[in-house]
There are 2 protein chains.
Amino acid sequence: MPEQIFSYQQLFDFTKSVFQKIGCSTEHAETATKTLLSADLRGVDSHGVARLSGYVRLWEAKRVNATPDIRIIHETPSTAVVDGDSGLGLVVAPFAMQIAIEKAKNVGTGWVSVQHSNHFGIAAYHAMMALENEMIGIAMTNASPLVAPTFSIDKMLGTNPICVAAPAGDEPAFVADLATTTAANGKLEILQRKNLQTPDGWVQDKDGNISNDPNALKTGGALLPLGGDRDHGSHKGYALGAIVDIFSGLLSGANYAPWVPPFPAYVPMPSQQPGKGIGHFLGAMRIDAFRPAADFKKSMDHWIHGFRNAKTISGQEKVLIPGDPEREFEVERMRDGIPLVEQVVTDLKTLAENFQLSFLR
Amino acid sequence: MPEQIFSYQQLFDFTKSVFQKIGCSTEHAETATKTLLSADLRGVDSHGVARLSGYVRLWEAKRVNATPDIRIIHETPSTAVVDGDSGLGLVVAPFAMQIAIEKAKNVGTGWVSVQHSNHFGIAAYHAMMALENEMIGIAMTNASPLVAPTFSIDKMLGTNPICVAAPAGDEPAFVADLATTTAANGKLEILQRKNLQTPDGWVQDKDGNISNDPNALKTGGALLPLGGDRDHGSHKGYALGAIVDIFSGLLSGANYAPWVPPFPAYVPMPSQQPGKGIGHFLGAMRIDAFRPAADFKKSMDHWIHGFRNAKTISGQEKVLIPGDPEREFEVERMRDGIPLVEQVVTDLKTLAENFQLSFLR
C-alpha cells in the first residue's frame, strides 16, 4: 500500500501545533509530541502519530483535559499517587516518571501509581527516562478491555503492557516492552490489510471459540492473553495482565478491569466507573542503591554478549536482545524519515484543515 | 501410581529433623521446612519435600552452607543487597523478604536483591509474607539454565518465576505465581509418567526443532519461554525471564544467564562463575503508601467478583482468580494430608536411614 515518508522534525512540528491548537501549553505540547512520536521512531506504528486524531477526538468529547492540574495526592519517601486531572497520558506519565526518578535519587527507588489519566503512548518511552539517570525504569498501564482471561468469553482486561529498561555499559540498554497478550492489535491490523489469517492463540470469536480471523475483535471476539490457551500457559498471560491492572488501576484509584475507558471517543463509556480515568504504574530503581553502577553495567554487557553469541536455530542469524529491533528502527527512521500509510496521512490532512494548519511543510 | 498420604505435621517434623541433622539451627530448620512444605500444601509437588534429598546432596557437595551468616552488604532506605553466604534459599529468601517488609514499613516500599543463595522453593511463599502486613509482595528468582530464548538452541535462562501477591478484603488474596516458560518441569514429568506427548510450544529438541517429546530436556533439548515460538509471543516470555535474571542475578552480584549453578548436585558447576550463587529479588509495597488499605481491598473484592462472574467459554464452569487452585489444594491437604508418590517416599526413607531418623512416625 502507498506510503509517504516524513522527517521526524516535520511530524514533530505538526503534532506539536495540533496539541497547541487544542489548548496545551508549549511545554505540554512538546512533551506529548515527544512521547507520541517515540512510537513512530521505534517502529510501533499503531501507537504513534496514527493516534493523533484519536487524542483530538477524546479532547472534543471532553474526555481529555488540555490544561490539567497534574499533582501528587499522596506520598511517602518511595511512593506517590498522581492525579492526572484527565490530562493526556502522554504528559501525565512523564510527569509521574520524573517523580519516581526523584524519589529513587533520595531513597533508592521510586514508585508512582497514576489515576485519572489517559492513554500514555508506548511504555518504553517512560521506562527509558530512567536510563540516563543510571536507573532501571519500569512502566505499565491498564487499558480498555479487549482481552478475555483464560476460560472467559467476556473481555475483562486491556493489552496491559509492561516495560523494563536497564542500562548496559558499552552495549545499548536492555528494553523489554511487551503487551501481555499473544499479539497486539497492530499485528492484527497488518494481517487484516493483507487478508491473512491469524495463527492459533491470538484471538477467539464472540462465543469464545478458537478463531483465526484477524477481524474477530470487530465482531465481538477478544484478544487472548500471552500463551493463547490454558495448555499453552494463557493463565500466565492473564495473571500478568491482572498484575498490571492491580498496580496501575487498583493501587491508584483509577478504573480497572472491564471498566477502563475506551480509546475511541465514539465508544460509549463503560456502565460503571469504579475509579477515575486510566491508571499507570511507573518505577525507578537506582542501580547503585544495589551495586556500583559500573559493576552492574559490566555484568549487563557480559550478559548481552552471552545471548548474542548463543547458537541459533536453523534459519535464524542471531538471538536478539529485547529492544534491538526498536533501536534499529529508531536509527533508521531518524535518518531516513518515518513512513506513514495513506489512511494516516489523510487523517493528518483533515486535522490540518480543521485546525487551519498548513500540512507538513 | 501408588501414593502414600502423610499429614502436614508428620512431614514437618521429619523435614525439620533432616535440616537439623545437616547442621541447621532449630530456627533455620523450621523456616526451611515451612518454606519447602508450602509447595506440597499448595499442590506444587515438584518443589516440595520431593526436593529434600536434593538439598541434602547440595549440602554434601558443600554447595549449601547449613550455618550461613546471612547479612546485608549494601542498603539505602528502600533497598538492600543480601549475601546469603551460600545458605539454603529456603532460609535466605524469607530473611530478605523480612527486610523488604521492614523497609516498606519505613519508606513505603522495600526491594531486596539477593546474591550467594540457593534454590528458594516456591516464589509464592515469600511474596505472601507481605499479605499479613497489608502489603503487596513480589518474589522472583533466577535458576539454572533450562530455557532457550527465542531463536536460540543454547539454554540461557532458568524457568525464572515471578510471583505477585496482593491482599483483598472479604475475598482471598490474589496470588499469581508463574514460571516464565510455557510449562514447567513438573508438567513434563506428569506427561513422562503417563507416556504422553507435550503440546507444541513446550519444548524443543537438541537441534532447536519443535518437539513433542516430554523427555526432550533429558536428551539435550530445552524448555521454551512462555509463548512457545516467535509467532505466539515467545520473545515476550524470553523478555520476562530476562527481567527476572537482571533483577535477581545482575542487581545483586549473583550468577546469571547460563552460569547459574544447577540444582542437582551431580551436575558440574558451569564453566564460568561471574557472580556468587543464585540470585533472588524480593519486594514489598505497603498498600497505604498509595491508598487507604480498606479502599484498595474493597476494589480488589470488586475486581475479583467481576472476574468470577465473567461469562465462560463452553465446557468451563468459571473464570479462576490467580491463586484459586493452590488455595484449594492448601485447604484440602492441610485437612486430608499430602500424597507422595512412591519414588519420593523411598527417597525420604533413605534419608531417614542415612540420618538414623525414624521415618514418619
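Residues numbered from 1 in each chain as written. Chains lettered and ligands numbered in written order. Predicted model: local features only at pLDDT ≥ 70, side-chain atom pairs only at ≥ 80, totals over all residues.

1. Concerning the environment of Leu37(A)
Residues and elements named next belong to chain A.
Then, number 1: Along the chain, the position of Leu37 falls in helix 2 (residues 26-41).
Then, number 2: C-alpha separation for the pair Leu37 and Ala50, spaced 13 residues apart in sequence, amounts to 9.6 Å.
Then, number 3: Not counting residues up to four positions away in its chain, the partners in contact with Leu37 are Tyr8, Leu11, Phe12, Thr15, Gly48 and Val49. (Helix = DSSP H or I, 4+ residues; strand = E, 2+ residues; numbered from the N terminus. Contact = placed C-beta atoms within 7 Å.)

2. Description of the domain arrangement of chain A
Residues and elements named next belong to chain A.
Then, number 1: Partitioning chain A into structural domains gives domain 1 (1-63 + 336-361), domain 2 (68-182 + 224-322) and domain 3 (184-221).
Then, number 2: The C-alpha-based centres of domain 1 and domain 3 are spaced at 27 Å.
Then, number 3: If you look at the interface, domain 1 gives 4 residues, while domain 3 gives 4 residues.
Then, number 4: Taken together, the residues of the side of domain 1 that touches domain 3 break down into 2 nonpolar, 1 polar and 1 charged. (Domains from an automatic or database assignment. Nonpolar A, V, L, I, M, F, W, Y, C, P; charged D, E, K, R; others polar.)

3. So, the relation of the copies chain B and chain A
Then, number 1: Of the two same-sequence chains, chain B is brought onto chain A (RMSD 0.0 Å, axial shift 0.0 Å) by a rotation of 180°. Expressed as a symmetry operation, the mapping of one chain copy onto the other fits a two-fold axis. Considering only C-alpha atoms, the residue of chain B closest to the rotation axis is Gly227(B), which sits at 2.4 Å.
Then, number 2: A share of 100% of interface residues in chain B that are also interface residues in chain A marks the association as one of identical surfaces. (Least-squares fit on C-alpha atoms with pLDDT ≥ 70 in both.)

4. Remarks on helix 4 (residues 89-107) of chain A
Residue and element names in this part refer to chain A.
Then, number 1: The end-to-end C-alpha distance of helix 4, which contains 19 residues, comes to 26 Å, matching closely the 27 Å that a straight helix rising 1.5 Å per residue would cover.
Then, number 2: Among the 19 residues of helix 4, 15 are classified as buried, and the element is accordingly described as predominantly covered.
Then, number 3: Immediately downstream of helix 4, the backbone of Gly108 shows phi near 105°, a positive value. (Expected span 1.5 Å × (residues − 1). Buried ≥ 20, exposed ≤ 12 C-beta atoms within 10 Å, placed from the backbone.)

5. Quick word on the packing of helix 2 (residues 26-41) of chain B against helix 4 (residues 89-107) of chain B
All names here are of chain B.
Then, number 1: Direction vectors running N to C along helix 2 and helix 4 enclose 95°, while the axes themselves pass 8 Å from each other. Looking at the two axes, helix 2 sits roughly perpendicular to helix 4. Packed against helix 2, whose contacting residues are His28, Thr31, Ala32, Thr35 and Leu36, the element helix 4 presents Leu90, Val91 and Pro94 at the interface.
Then, number 2: Considering only residue class, the contact of helix 2 with helix 4 consists of 5 nonpolar, 3 polar and no charged. (Axes fitted to C-alpha atoms, helices over the stretch in contact; angles between N-to-C directions. Parallel < 35°, antiparallel > 145°, perpendicular 65-115°, else oblique.)

6. Examining unusual backbone geometry
Residue and element names in this part refer to chain A.
Then, number 1: One non-glycine residue, Lys62, adopts positive backbone phi at about 65°.
Then, number 2: The topology assignment puts Lys62 in the loop between helix 3 (52-60) and strand 2 (71-76).
Then, number 3: For Lys62, a count of 9 C-beta atoms within 10 Å gives the class exposed.
Then, number 4: One non-glycine residue, Asn160, lies in the positive phi region at around 25°.
Then, number 5: Residue position: Asn160 is located in the loop between strand 5 (135-141) and strand 6 (162-166).
Then, number 6: Under the C-beta neighbour-count criterion, Asn160 is labelled buried, with 28 such atoms within 10 Å.

7. Observations concerning the pairing of strand 7 (residues 174-178) of chain B
All names here are of chain B.
Then, number 1: With 5 of its 5 residues buried, strand 7 lies for the most part within the structure.
Then, number 2: The alternating pattern of strand 7 places Phe174, Ala176 and Leu178 on one face and Val175 and Asp177 on the opposite face, and all of these are buried.
Then, number 3: Pairing of strand 6 (residues 162-166) with strand 7 involves 5 bridges; the strand directions are antiparallel. Within strand 7, the position partnered with Ala165 by the bridge is Val175. (Pairing = 2+ DSSP bridges.)

8. So, the interface of chain B and chain A
Then, number 1: With 66 residues of chain B at the contact, the number on the chain A side is 66 residues.
Then, number 2: Listed by contribution, the elements that provide at least two residues to the side of chain B that touches chain A are strand 2 (71-76), strand 3 (79-83), strand 4 (109-117), strand 6, strand 7, helix 7 (234-250) and helix 8 (293-308) of chain B.
Then, number 3: Among the elements that take part in the side of chain B that touches chain A, helix 8 of chain B stands out by supplying 7 residues, more than any other.
Then, number 4: Class assignment for the residues of the side of chain B that touches chain A results in 38 nonpolar, 23 polar and 5 charged.

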